[in-house]
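Now for the letters of each chain:
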Amino acid sequence: AVVAVGAVALSALKGKGINIGTHIARLAGIADRGFKDYESDIKKLSEMQFAVFDTAAAEKMKEEIIAAKNVGDSVGGVLETAVTGLPAGVGEPWFDSVESLLSHALFSVPAVKGVEFGGGFSLCDMRGSQANDPLRTENGKIFTLTNNSGGINGGITNGMPVVFRCAVKPTSTIHISQQTVDFINIENVDFLAGGRHDPCIVHRARIVVDSITALTLCDILSARFGTDWLAE
């Protein structure tokens, strides 16, 4: 249902020049390259079935998924999302910051256990002089030379691409015996799940993240510009 209505939201945003794309930044410890040309890369992602820019990394990721499947196990990864075309000045500095609202929604996606924006936790190892994004202007447009803030300052969009990453844990149900508790008899037992279970849900979670992002941004933009803005 989220993906179905998300398709409508993604289309409405695209009509306003706002584009969303997500790639598999890391899977089973194997890393993809990051976004380079945001608009071009997002267009490429819309045509990919397995959203990884580096084809060699993509093949290694698939091999790791198959290897985990063959032993009844599972793998997790990181999804990186970029949003272009968002106008500056959207959001609030307090409860309804853009990070707050997106995080709130993204954590509703099953298996998402972490969300970071821009430089995220890597900013902790920097000094302010390294982490701050220098402001510049050219042809009447203001932009930043770096995007460590992920397109958001003080909870409000600054006109740069909004970039964030979601940590997706390995699928919980696996075909390996696991320790658990029989809650009726209150005793320790071992449990082996049956049925069919995915060895990796990272690549399938991608469209869910895109849809959740689109729905959240439609809500934020409607609050800022009115509910008719997306229909104009």
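Data block above holds the structure.
Residues numbered from 1 in each chain as written. Predicted model: local features only at pLDDT ≥ 70, side-chain atom pairs only at ≥ 80, totals over all residues. Heavy atoms only, no water.

(A) Structural context of the overall build of the protein. Counting secondary structure elements, the protein contains 6 helices and 11 strands. Considered along the principal axes of its C-alpha atoms, the protein spans approximately 65 × 40 × 35 Å. By the burial criterion, 42% of the 232 residues in the protein qualify as buried. Taking as baseline every contact in the protein between residues at least 6 positions apart, the subset at least 24 positions apart corresponds to 67%. Accessible surface for the protein amounts to roughly 13,000 Å². Of this, 54% is attributable to carbon and sulfur atoms. Within the protein, one finds 20 positive and 26 negative side-chain charges whose respective centroids are separated by 5 Å. (Helix = DSSP H or I, 4+ residues; strand = E, 2+ residues; numbered from the N terminus. Buried < 20%, exposed > 50% of the residue type's maximum accessible area, 1.4 Å probe, protein only. Contact = heavy atoms within 4.5 Å. Areas by Shrake-Rupley, 256 points an atom, 1.4 Å probe, with all protein chains shown as cover. Lys, Arg positive; Asp, Glu negative; His and termini not counted. Charge placed at Lys NZ, Arg CZ, Asp CG, Glu CD.)

(B) Layout of the environment of Val-202. Among the structural elements, Val-202 can be located in helix 6 (residues 202-225). Between the C-alpha atoms of Val-202 and Leu-13, which are 189 residues apart in sequence, the distance is 24 Å.

(C) Summary view of the pattern of salt bridges. Tallied over the entire structure, the rule returns 7 salt bridges. Here Arg-33 makes a salt bridge to Asp-41, at a shortest N to O gap of 3.1 Å. For Asp-41, a relative accessible area of 2% corresponds to the buried category. For Glu-80, the salt bridge is made with Arg-165, and the minimal N-O distance between the two is 2.8 Å. Placement of Glu-80 in strand 3 (residues 77-84) and of Arg-165 in strand 9 (residues 162-168) is noted, with a sequence separation of 85 residues between them. Like Arg-165, Glu-80 is buried. (Salt bridge = Lys/Arg side-chain N within 4 Å of Asp/Glu carboxyl O.)

(D) How the structure looks around the packing of aromatic side chains. Under the defined criterion, the tally for this structure stands at 5 aromatic pairs. Taking the centre distance of 5.6 Å and the plane angle of 70° together, the rings of Phe-35 and Phe-53 count as edge-to-face. With a gap of 18 residues between them, Phe-35 in the loop between strand 2 (30-31) and helix 2 (38-45) and Phe-53 in the loop between helix 2 and helix 3 (55-70) connect regions that are remote in the sequence. Just as Phe-35 is buried, Phe-53 falls in that class too. The rings of Phe-35, Tyr-38 and Phe-53 are connected pair by pair, giving a single aromatic cluster. A cation over an aromatic ring shows up here: Lys-16 above the ring of Trp-229, its NZ or CZ 4.4 Å from the ring centre. (Phe/Tyr/Trp six-rings, centres within 6.5 Å; stacked < 30°, edge-to-face > 60°. Lys NZ or Arg CZ within 6 Å of the ring centre and 35° of its normal.)

(E) View of the layout of surface pockets. For the largest pocket, the calculated volume is near 310 Å³. Along the wall of the largest pocket there are 15 residues; nearest its centre are Lys-14, Asn-19, Ile-20, Ile-42 and Ser-46. Of all the secondary-structure elements, those providing two or more residues to the lining of the largest pocket are helix 1 (2-15), strand 1 (19-27), helix 2 and helix 6. (1 Å grid on protein atoms, 1.4 Å probe; cavity = no way out; pocket = protein on both sides within 12 Å on 5 of 7 lines; lining within 4 Å. Points joined across faces, edges and corners; volume = space filled by probe spheres on them.)

(F) The pairing of strand 6 (residues 141-144), seen in detail. The pairing of strand 5 (residues 135-138) with strand 6 spans 4 bridges and is antiparallel. Looking at strand 6, one finds that Leu-135 is bridged to Thr-144. (Pairing = 2+ DSSP bridges.)

(G) Up close: the sheet that holds strand 4 (residues 112-117). Sheet architecture is open: 5 strands sit in the order 2-1-3-9-4, paired in antiparallel fashion. Taken across any chain shown, the strands that pair with only one partner, and hence form the sheet edges, are strand 2 and strand 4. Looking at chain direction, strand 3 and strand 9 are connected through 7 bridges and run antiparallel. Within the sheet, the bridge partner assigned to Glu-80 lies in strand 9 and is Arg-165. The sheet strands contacting helix 4 (residues 98-106) are strand 4 and strand 9, and the helix crosses strand 4 at an angle near 160°. (Axes fitted to C-alpha atoms, helices over the stretch in contact; angles between N-to-C directions.)

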